[in-house]
Every structure is written in C-alpha cells, then in structure tokens.
Number of protein chains: 2
Amino acid sequence: MQLLKEAILRDGVGIGTEIVKVDSFLNHRIDVALSTEMGKAFYEAFKDDGVELILTVEASGIAAAITAAQAFGNIPVVFAKKGDHRNVGNDVYTADVYSFTHQKMNTIRVSRKYLPAGSRVLIIDDFLANGEAVEGLRSIVQQAGCELVGAGICVEKGFQPGGKNLRESGVKVVSLAIVDAIEDGKIILRED
Amino acid sequence: MQLLKEAILRDGVGIGTEIVKVDSFLNHRIDVALSTEMGKAFYEAFKDDGVELILTVEASGIAAAITAAQAFGNIPVVFAKKGDHRNVGNDVYTADVYSFTHQKMNTIRVSRKYLPAGSRVLIIDDFLANGEAVEGLRSIVQQAGCELVGAGICVEKGFQPGGKNLRESGVKVVSLAIVDAIEDGKIILRED
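Given the structure is predicted, the values throughout are model-derived calculations rather than measurements.

Q: What is the right way to look at the overall build of chain A in this model?
A: Within chain A, the secondary structure is distributed over 5 helices and 11 strands. The C-alpha radius of gyration of chain A comes to 16 Å, within 12% of the 16 Å expected for a compact globule of 192 residues. Taking the principal axes of its C-alpha atoms as reference, chain A extends roughly 50 × 35 × 30 Å. Split into buried and exposed, the 192 residues of chain A put 58% on the buried side. Restricting to contacts in chain A with at least 6 residues of sequence separation, those with at least 24 account for 63%. Carbon together with sulfur atoms contributes 45% to the accessible area of chain A, which is approximately 7,900 Å² in total. Separation of charge centres in chain A, based on 21 positive and 26 negative side chains, amounts to 4 Å.

Q: Can you walk me through the relation of the copies chain B and chain A in this structure?
A: Rotating chain B by 180° and translating it 0.0 Å along the rotation axis places it on chain A, where the RMSD comes to 0.0 Å. When the rotation and shift are considered jointly, the pair of chain copies conforms to a two-fold rotation axis. Among all C-alpha atoms of chain B, that of A59 of chain B lies closest to the rotation axis, at 2.5 Å. Taken together, the interface assignments show that 100% of the residues at the interface of chain B recur at the interface of chain A, consistent with an identical surface on both copies.

Q: Just to check I follow, could you spell out unusual backbone geometry for this structure?
A: Most peptide bonds take the trans configuration, and most residues that are not glycine carry a negative phi. Residue and element names in this part refer to chain A. Omega for the bond connecting E58 with A59 falls within 30 degrees of zero, at 0°, which places this linkage in the cis form. Along the chain, A59 falls in the loop between β4 (53-57) and α3 (62-71). Although it is not a glycine, N74 adopts a positive phi angle of roughly 65°.

Q: What exactly am I supposed to notice about a nonpolar patch on the surface here?
A: Taken together, V13, I15 and I19 of chain A make up a surface patch of nonpolar side chains, about 210 Å² in accessible area. With respect to the helices and strands, V13 of chain A occurs in strand β1 (residues 13-15).

Q: For this particular structure, what's the right way to read helix α4 (residues 132-143) of chain A?
A: The periodicity of an α-helix, 3.6 residues per turn, causes residues three or four positions apart to be oriented the same way. All names here are of chain A. In this model α4 runs 16 Å from its N-terminal to its C-terminal C-alpha over 12 residues, within 8% of the 16 Å that 1.5 Å per residue would give. All of the buried residues along α4 are V134, G136, L137, R138, I140 and V141. Where α4 ends, the next residue or the one after it, G145, has phi of about 70°, a positive value.

Q: How should I be thinking about the interface of chain B and chain A in this particular structure?
A: By convention, interface size is frequently given as the accessible area that disappears when the constituent parts associate. Listed per partner, the contact involves 40 residues of chain B and 40 residues of chain A. Counting the surface lost from both chain B and chain A, the interface buries some 3,500 Å², and carbon and sulfur atoms represent 57% of this. For the interface between chain B and chain A, the tally reads 0 salt bridges. At the junction of chain B with chain A, the criterion picks out 15 residue pairs in polar contact (both at pLDDT 80 or more). Of all the secondary-structure elements, those providing two or more residues to the side of chain B that touches chain A are β3 (29-30), α2 (32-46), α3 (62-71), β5 (77-82) and β7 (104-111) of chain B. Per-element tally for the side of chain B that touches chain A: the top contributor is α3 of chain B, with 6 residues.

Q: Sorry, what's going on with the pairing of strand β9 (residues 147-157) of chain A here?
A: Side-chain direction in a regular strand flips from residue to residue, so the side chains alternate between the two faces of the sheet. All names here are of chain A. By the criterion of burial, β9 is predominantly enclosed, with 9 of the 11 residues buried. The sheet contact formed by strand β8 (residues 120-128) and β9 spans 8 bridges and is parallel. Within the sheet, the bridge partner assigned to D125 lies in β9 and is I153. Pairing analysis gives 6 bridges linking β9 to strand β10 (residues 173-183), with the strands arranged parallel. Among the inter-strand pairings, A151 is bridged to a residue of β10, identified as V173.

Q: Would you take a moment to explain the pattern of salt bridges for this structure?
A: Where charged atoms from two side chains of opposite charge approach closely, those side chains can pair. The final tally for this structure, using the stated rule, is 22 salt bridges over all chains. Between D23 of chain A and K21 of chain A there is a salt bridge; the shortest N-O distance is 3.3 Å. Owing to a relative accessible area of 8%, D23 of chain A belongs among the buried residues under this scheme. Its relative accessible area of 19% is what places K21 of chain A among the buried residues. Among the ionic pairs, R167 of chain B bridges to E156 of chain B, the shortest N-O distance being 2.8 Å. Of the two residues, R167 of chain B sits in helix α5 (residues 162-168) while E156 of chain B sits in strand β9 (residues 147-157), which places them 11 residues apart along the sequence. With a relative accessible area of 33%, R167 of chain B lands in the partly exposed category.

Q: It is not clear to me how the confidence of the model for chain A should be interpreted in this structure. Could you clarify?
A: Detailed reading of the predicted coordinates is not advisable wherever pLDDT falls low. Summarising the model, chain A shows a mean pLDDT of 95, and 97% of its residues fall at 70 or more. In the model output, the complex is listed with pTM 0.97 alongside ipTM 0.96.

Q: It is not clear to me how helix α1 (residues 2-11) of chain B should be interpreted in this structure. Could you clarify?
A: All names here are of chain B. Those residues of α1 that fall on the buried side of the exposure criterion are L4, K5, A7 and I8. All buried residues of α1 project into a common sector of 160° when viewed along the axis, lining one side. Within α1, the exposed residues directed more than 90 degrees away from the buried face are Q2, L9 and R10. For α1, the elements touching its buried residues are α2, β9, β10 (173-183) and β11 (186-189).

Q: What is the right way to look at the side chain of S99 of chain B in this model?
A: With respect to the helices, strands and loops of the structure, S99 of chain B is situated in strand β6 (residues 92-99). Setting aside residues no more than four positions away along its own chain, S99 of chain B makes contact with K104 and N106 of chain B.

Definitions and cut-offs
Residues numbered from 1 in each chain as written. Chains lettered and ligands numbered in written order. Predicted model: local features only at pLDDT ≥ 70, side-chain atom pairs only at ≥ 80, totals over all residues. Heavy atoms only, no water. Helix = DSSP H or I, 4+ residues; strand = E, 2+ residues; numbered from the N terminus. Rg over C-alpha atoms; globule rule 2.2 N^0.38 Å. Buried < 20%, exposed > 50% of the residue type's maximum accessible area, 1.4 Å probe, protein only. Contact = heavy atoms within 4.5 Å. Areas by Shrake-Rupley, 256 points an atom, 1.4 Å probe, with all protein chains shown as cover. Lys, Arg positive; Asp, Glu negative; His and termini not counted. Charge placed at Lys NZ, Arg CZ, Asp CG, Glu CD. Least-squares fit on C-alpha atoms with pLDDT ≥ 70 in both. Patch = residues over 30% accessible without salt bridge, like charges linked within 9 Å, V, L, I, M, F, W, Y side chains within 5 Å. Salt bridge = Lys/Arg side-chain N within 4 Å of Asp/Glu carboxyl O. Expected span 1.5 Å × (residues − 1). Buried area = accessible area lost by both parts, 1.4 Å probe. Polar contact = N/O pair within 3.5 Å; in protein donor to acceptor, adjacent residues only side chain to side chain. Pairing = 2+ DSSP bridges. pLDDT = per-residue confidence, 0-100. Arc of directions from axis to C-beta.

Laid out in structure tokens, this is it:
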C-alpha cells in the first residue's frame, strides 16, 4: 500500500538489523488518515471473503481493526485482552503469546460469547514478525469453532518467519507493507 | 448521547453497586457504528475549542479516540502506553495511575516528541470513575506544556468522584452517558 510505504520510508526508523520503529504514525502516535486508508485497503483485500467479525489484540492492533471494520460496513471488532483481566471473567478462550517487545509470555483472552461458532473472522494486527500474536488469535478462532478468513497486517517483517509459516499453513495473509531488511539504518521495503 | 444510553440500557450489565459491564459494545467487543457516532458526538462537544491532538491511554480508549479524531478531520491520536515498554524509549513523560480493574499501579508513558508544547489536547477515554486515568493524562499534558481543552468520556460513573473533581478543578468534562446508580442489577442513567 503506497501511502503506508511512503510513511515507513519517510518516518520509520530502522535500528540494528531487526527493529522497525513506526511509532510516529502507527503504534504510539497514530496518523488517523493513514489508518482510515489502511482499513479500506484491508476491505479491498478481503471484500469477497464474507468477513463477519474482526479479531485483534490490544493495544496497537485496535486502530487498524476499527478502520477496517468501518470499511466493511461496521462489522464488530473484538480485541483479545492481555494478562489477567478481572472484567473479562472466566468464560474465555485463551492462548499464550510470547511478546518480543516486552520479553515475556502473555496470556490473551477473549470472552466466548463474542465469538459465535461459525463466524467468518478476519484477524488484523499492526505487526507480523515471528507470528506469535496471529498464531495465538488463530488458536482462539479455532477453539471458538469460527472460520479464519485470513490475516490483515499493516507491517510485516519479511525477514522473520511469521508470514512464511502462516502462508505455508494455508492462511491468507495480506500485509500492506513488507520490510525485507534493515541495512545501516535504512529500511528496505519489498517491491509489489 | 441517545444511542449510547440505549446500548447501556439494552446490553449493559450492572453488578453489585459499582460495576457497569459494557464489554459487549464498548471495551472488549466494539460496536463500530456506535463508536463512530460517539466520535461525532465528541466533535460536536469540542468543535469550537481548537482541538489539535487527541490523547488517550491503551487499550479501551483507542477506539473512541480514533473515531473522534476522524470527526475532527483526522487530527493525530497519541495513546499512552502502560507498563515497561522497550519500544517507547526513555525520552518520555510519565504518570502513575492506579487501575481498579487490575488492582495495581501502572506507569503510563508518552514519548515527548509526540506532544509538542502548546498543542491543544483533548483527552478521550472509555470510562471515568475515580478519575485516575484522566488525572494521569492531564499530568502528562501539563508536563508537556500543552493546553488541556477538556476530557471526552464515553461512560462516566456519576456515583464516583472523578468527574466531580475534574469539573471542580476547571476541566471541561463531557460524558456521553452518566450512570447514577446500580440498583438490583439495574443501571440508572442520568437524565439530560
């Protein structure tokens, strides 16, 4: 997606060989016009797949999930909660997800009642690297007896295995931008 | 706001005398049409106040912050991060916020560079009870040398002191629905 790629090249910061900082427009400060356009791009990518519900995980996935849901005509968004939430209750699906950012294991939780069996679910997240978060959400989709339509990702790190593994296991993964490498601080994006 | 009040009366769950569960449409599963309308309602309430930036805190405030930012013509959203974030770095404003939901103290953090001094900032959050989160965000706004335009809240618990304290200290607080009491499981909303 051209607008996102331009933002990454203009405002993204590459650190070392693995870290892509895009917190000036994606996951701390949010460029809302860009987020709205990303939502439309996810709609274009999955509009023929009968999406009924969008599933993401707090917190950085929520913005793109909301704008995508708007593009799909205001379908519901469910966001998985991390950690121990008094308010979520016990009637939940759970999955364990390792966070490289926080260097710890999180249990993510979704109330069973918000994932009706048979629902066609699109996973949205801001980043795909090793694929831990998407695999955790996918596990919850399976536990719920829902159908996974695919995964829409804002920024995929193409040099880490999450996207490859998901695609090889049959998941339709659409990433709006794929970072192939970081070289001397320069972010190298995959050509379309 | 009529749509939100109807949703609270139809789908909200009152527990004991203090807990209002609205996770079926506000803070776990999100009714995106309602969220979009809430964004417009915040715009109506603050449209003459020169809002330049919306500040919220992860995770439940993000949806309403995004839809409000859209209504304001795609102004930026900044969301404060909870806990220890490797990615946020050290050049941050911080505030300590007690979470009653999680029964622990969280440090919230915002990168200094995303709050330019002098910016006119609107705080948005999903809930206002004792006011801890809004007070923490307000402290960050002050540390940054920004101007606090006000606070837009989806659901205020009118029987807890946060809203009263903020208003008495001169903050323009606009809550789209105010819960005055929970009686025998019934949620009592304040009349307009």
